[in-house]
Amino acid sequence: MDGSVWSTAQIYYSSANNGTNCAVLVAKKWAGIKHPMGINLSVDGRAGVQVNNGQFSSYAGPVIQKNTNGHCVTSNFFEDAPNGSSSSNDEIAHVACG
């Protein structure tokens, strides 16, 4: 790895619909080039994960969970180099707790 930022994961919250969380993965290093990216969002302690995976040039997502007041959310995300030579994945766990 060369220390460059591949992408930025962002989680947003709105009070609408008894709490709504949204997550998106924004491409940085390979912005403008289609490559594998994906992000998911789950409400801690609940079944059901919202997922958006595919070949994207700008961003993966948004993925949305409603009725999140009083709960934390967790997001997992990945990105692969366009040539498939390397990949990155991470998690933002137990955040935006309402």
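Just so it is clear, the model here is predicted, and its values are computed rather than measured. (Residues numbered from 1 in each chain as written. Predicted model: local features only at pLDDT ≥ 70, side-chain atom pairs only at ≥ 80, totals over all residues. Heavy atoms only, no water.)

Draft legend 1. The arrangement of the sheet that holds strand E5 (residues 59–66) in detail. Read across the sheet, three strands follow the order E1-E2-E5 without closing on themselves; strand pairing throughout is antiparallel. Looking at which strands have only one partner, the edges of the open sheet turn out to be strand E1 (7–14) and E5. Pairs of neighbouring strands in the sheet enclose a mean axial angle of 15°, with direction left out of account. The pairing of E1 with strand E2 (residues 20–27) spans eight bridges and is antiparallel. Residue alanine 9 lies in a different strand from E2, and its bridge partner there is leucine 25. (Pairing = 2+ DSSP bridges. Helix = DSSP H or I, 4+ residues; strand = E, 2+ residues; numbered from the N terminus. Axes fitted to C-alpha atoms, helices over the stretch in contact; angles between N-to-C directions.)

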